[in-house]
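These are the residues of each chain, in order.
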Amino acid sequence: MATAVFKNISPIPDVNTFLDVVLSRTQRKTPTVIRSGFKISRIRGFYGRKVKFTQDTCTEKLDGILQEFPRLDDIHPFHADLLNILYDRDHLKIALSQLSTAKHLIENVARDYIRLLKYGDSLYRCKQLKRAALGRMATIIKRQKSSLGFLEQVRQHMSRLPSIDPNTRTLLVCGYPNVGKSSFMNKITRAEVDVQPYAFTTKSLFVGHFDYKYLRWQVIDTPGILDHPLEQMNTIEMQSITAMAHLRSAVLYFMDLSEMCGYSIAAQVNLYHSIKPLFANKLTLLVVNKVDVTKPEDLDPKSQEMIQSILADGNVQMVQTSCVSDTGVMDVRNNACEALLAARVEQKLKGSRVNNVLNRIHLAEPAARDSVNRPAVIPDAVKNRRAYDEKDPARRILARDIEAANGGAGAFNVNLRDKYLLSNPEWKYDRAPELLDGKNVADYIDPEIEAKLAAMEEEEERVENEGYYNSDEDVPDENEEHVLTAADKIREKNKLIRIAARNKKIKNRPMLPRTAGVRTLDQLESSLENAGLPSDAIGERARSRARSGAAQESARLSGADIVMQEGPEVRAKSVAPRSQSNRREAGLHSEGGRSYAERLNRVKQVQRNRLARASESDRHTTTSKPKHLFSGKRGMGKTDRR
């Protein structure tokens, strides 16, 4: 488990926030309306659901905390020991175990009270059992105040830990305080570790990254270590010891030969021998820093002998650097990376997994067929060829020279046929034959077609110059006038047909009123007299046609039909005469009574409008509390009372 996973742990709420979240969620997610008139089974289920939901919410929250925190037995030993140094393994386990115990206690409380709710005989008793259950759950949560607070502090500190990958390529920088470890890390990475001229400026592990040979490397800057027993080391020093003990890396042990760090060369050598067991099976480099002040050659023989005691093992390589003048900084980094890469490859070759890969690899090694020596043959023309020089007039002409002489790029077109290898060089620029259906298209082209086309164009130009195409305006003849006249008549006839068809389609309403052409006999006679024409013949003709029509109707009917028939005069008398009076003014004593009645009606309607009544007969009673507005669950904000 990488340290980056520690940053994904969710914040842990305090006791009050925990209870507020649980109880408000119970209020929002469960039913809220219950009455004493309901069935007792419904009342029991109502309160049992609240108890069960509260228990589920508490269990879910506590389970999330327990699952997100890392299990010390399942993570990398480096992270396990680092957590043990920073927070105390036992204290962390006790806090998590208390939360686990609280979860089981809440489950037992919910199970017991749900069993008791099955025997509740009234709404009051069920409600009291629910209150008791929620109260006991809240008491159990309140007892975890110290555990939740400690775990939140641990989470905040873990989220600030650097992201260290124990399995990647790593350079581990260690040594006495103030020997230049942080300065070296700032030089080779983009990390900005604080550098000060006093000891123990770095109080925790810092990580920086850089790229070398297209690979990602991490550099770990450890706090300074003092030469005293392991039991006397503090938390800051134990972080360095943990990193050196568990990380597979290249160890860079820094020494300050100028003793400006405040510690002698003997003390630095003794510290190396003290922590040397931690460097077992690790690549170790002795980095002599601040060589701009003191070099190893300038030391006295006794100090040089102590440094040689470190190199006597044969597995330690000494490199020199100065972070102030940047002397040898990149050399130290490159040497460490190269040595670590070689060590990792060698370690993989010693493993068992490499055999599975080697079985699938075949290395082909060609064998000599005889003892004859066959050296490489280079033609003399190649050996004697002069180097190309643009300023040499006797140089060989290249394609770019030809391009520059013919206008340059864009104007010059490369001659692709110049290098054709043909039996006859004259064939290079012949037109390639075009084949269609297995036949050469050139065989069907008249070889004199271009000459004939040129002769035809000359003849056309000559005829045009002679005025052959110049003629007077066209004179219309009689036949053409007859055709144009007939076409105009046809167009007019088609127009009339379209108009008649359009009028015929209008069936819903007549084009003219029904009484437009109806005139009485008196109107007709008067109009004739006004015009000075006789009207007697027309009047007599109309009366005779009326008498003949009545006689024909009487002859068609039988005797019984005549008896039963009721004449128009009798029918008219049986119908009550239609009133011709104005209903808006009927029953009023004076002409001004109409306006007074309308004003009185508007005054009476004001009160009905205020009560939302349609008229005096509207007796509808609206609901004082609409159900969709005054029933249901409360909103998110009303959590001050439950």
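Residues numbered from 1 in each chain as written. Predicted model: local features only at pLDDT ≥ 70, side-chain atom pairs only at ≥ 80, totals over all residues. Heavy atoms only, no water.

### Considering the overall build of the protein chain
Secondary structure assignment for the protein chain yields 22 helices and 8 strands. Considering the protein chain as a whole, with its 642 residues, one finds that 28% of them fall into the buried category. Nonlocal contacts in the protein chain, meaning residues at least 24 apart in sequence, comprise 68% of its contacts between residues at least 6 apart. Carbon together with sulfur atoms contributes 52% to the accessible area of the protein chain, which is approximately 46300 Å² in total. (Helix = DSSP H or I, 4+ residues; strand = E, 2+ residues; numbered from the N terminus. Buried < 20%, exposed > 50% of the residue type's maximum accessible area, 1.4 Å probe, protein only. Contact = heavy atoms within 4.5 Å. Areas by Shrake-Rupley, 256 points an atom, 1.4 Å probe, with all protein chains shown as cover.)

### Here we look at the pattern of salt bridges
Any two side chains of opposite charge can pair if their charged atoms end up close together. Counted according to the given criterion, the structure contains 17 salt bridges. With a shortest N-O distance of 3.1 Å, Asp-121 and Arg-125 are connected by a salt bridge. For Arg-125, a relative accessible area of 49% puts it in the partly exposed group. A salt bridge links Asp-211 to Arg-216; the shortest N-O distance between them is 2.9 Å. With relative accessibility at 45%, the residue Arg-216 sits in the partly exposed group. (Salt bridge = Lys/Arg side-chain N within 4 Å of Asp/Glu carboxyl O.)

### Description of the packing of aromatic side chains
Under the definition given, this model contains 7 aromatic pairs. Judged by centre distance (6.2 Å) and plane angle (10°), the ring pair of Phe-210 and Trp-217 falls under stacked. Judged by relative accessible area, Trp-217 falls into the buried class, the value being 0%. Here the aromatic cluster, defined as three or more aromatic residues joined through ring pairs, consists of Phe-210, Tyr-212 and Trp-217. Over the aromatic face of Phe-38 sits the side chain of Arg-42, whose NZ or CZ is 3.8 Å from the ring centroid. (Phe/Tyr/Trp six-rings, centres within 6.5 Å; stacked < 30°, edge-to-face > 60°. Lys NZ or Arg CZ within 6 Å of the ring centre and 35° of its normal.)

### What to know about the sheet that holds strand E4 (residues 250-256)
Within the open sheet, the 6 strands sit side by side as E2-E3-E1-E4-E5-E6. Their pairing is mixed. Both edges of this open sheet fall to strand E2 (206-212) and strand E6 (316-320), since each of them pairs with a single strand only. Across the sheet, the mean angle from the axis of one strand to that of its neighbour is 25°, orientation sign disregarded. Two elements, strand E5 (residues 283-289) and E6, share 5 bridges in a ladder whose sense is parallel. Considered in E6, the bridge of Val-287 is made with Val-319. (Pairing = 2+ DSSP bridges. Axes fitted to C-alpha atoms, helices over the stretch in contact; angles between N-to-C directions.)

### Structural notes on unusual backbone geometry
Non-glycine residue Lys-213 carries a positive phi angle of around 55°. By the secondary structure assignment, Lys-213 is in the loop between E2 and strand E3 (215-221).

### Some remarks on the packing of helix H2 (residues 40-68) against helix H5 (residues 123-142)
Contact geometry of H2 with H5 gives a least axis separation of 9 Å together with a crossing angle of 10°. The angle between the axes of H2 and H5 places the two elements in the roughly parallel class. For the pair H2 and H5, the contacting residues are Ile-43, Arg-44, Tyr-47, Lys-50, Val-51, Thr-54, Gln-55 and Leu-62 in the first and Leu-123, Cys-126, Lys-127, Lys-130, Ala-133, Leu-134, Met-137 and Ile-141 in the second. Of the residues belonging to the contact of H2 with H5, the class tally is 10 nonpolar, 2 polar and 4 charged. (Parallel < 35°, antiparallel > 145°, perpendicular 65-115°, else oblique. Nonpolar A, V, L, I, M, F, W, Y, C, P; charged D, E, K, R; others polar.)

### Focus: the packing of helix H3 (residues 77-87) against helix H6 (residues 145-159)
Running from amino to carboxyl end, H3 crosses H6 at an angle of 125°, the nearest separation of the two axes being 12 Å. If you check the angle between H3 and H6, you find them oblique. For the element pair H3 and H6, the recorded crossing hand is right-handed. Side by side, H3 and H6 meet where Leu-83, Leu-86 and Tyr-87 of the first sit next to Phe-150, Val-154, His-157 and Met-158 of the second. The class makeup of the residues in the contact of H3 with H6 is 6 nonpolar, 1 polar and no charged. (Left-handed = near helix turned anticlockwise from the far one by under 90°.)

### Let's talk about helix H9 (residues 265-275)
Of the positions making up H9, those classed as buried are Ile-265, Ala-267, Gln-268, Val-269, Leu-271, Tyr-272 and Ile-275. Here the buried face of H9 lies against strand E1 (170-175), helix H8 (235-246), E4, E5, helix H10 (301-311) and E6.

### Regarding a positive patch on the surface
Taken together, the side chains of Lys-495, Arg-498, Arg-502 and Lys-505 define a basic patch exposed on the protein surface. For Lys-495, the location among the structural elements is in helix H16 (residues 478-505). (Patch = residues over 30% accessible without salt bridge, like charges linked within 9 Å, V, L, I, M, F, W, Y side chains within 5 Å. Lys, Arg positive; Asp, Glu negative; His and termini not counted. Charge placed at Lys NZ, Arg CZ, Asp CG, Glu CD.)

### Points about helix H7 (residues 181-188)
Considered for burial, the residues of H7 that qualify are Lys-181, Ser-182, Phe-184, Met-185 and Ile-188. Buried residues of H7, viewed axially, fall in a sector of 160°; they line one side. (Arc of directions from axis to C-beta.)

### Some words on a nonpolar patch on the surface
On the surface, Val-357, Leu-358 and Ile-361 cluster together to form a nonpolar patch covering roughly 270 Å² of accessible area. Topologically, Leu-358 is positioned in helix H12 (residues 353-358).

### Regarding the environment of Arg-125
Topologically, Arg-125 is positioned in helix H5. A sequence separation of 81 residues divides Arg-125 from Arg-44, and the C-alpha atoms of the two residues are 9.7 Å apart.

### Some points on a negative patch on the surface
A cluster of acidic residues, Glu-457, Glu-458, Glu-459, Glu-460, Glu-461 and Glu-464, forms a negative patch on the protein surface. Within the fold, Glu-464 resides in helix H15 (residues 449-465).

### Side note on the pairing of E5
Summarising burial for E5: 6 of the 7 residues are buried, a large majority. In this structure, E4 lies alongside E5, joined through 7 bridges in parallel fashion. The residue bridging Asp-256 from the neighbouring strand is Asn-289, located in E5. In the classification by handedness, the crossover that spans E4, the intervening H9 and the parallel E5 is right-handed. (Right-handed = clockwise from strand over helix to strand, strands pointing away.)

### Looking at the environment of Asp-227
Mapping Asp-227 onto the fold places it in the loop between E3 and H8. Remark: the alpha-carbon pair of Asp-227 and Tyr-176, spanning 51 residues in sequence, is separated by 8.6 Å. Sequence-distant contacts of Asp-227, that is, excluding residues within four places in its chain, are made with Tyr-176, Ala-267, Asn-270, Leu-271 and Ser-274.

### Re the nonpolar core
Phe-69, Leu-151, Leu-171, Phe-184 and Tyr-253 are the most contacted members of the largest nonpolar core, which totals 107 residues. The element that contributes the greatest number of residues to this core is helix H4 (residues 89-117), accounting for 10 residues. Residues in contact with Leu-171, not counting those within four places in the same chain, are Phe-210, Trp-217, Gln-218, Val-219, Ile-220, Ala-250, Ala-336, Cys-337 and Leu-340. (Core = buried A, V, L, I, M, F, W, Y, C linked by side-chain atoms within 4.5 Å.)

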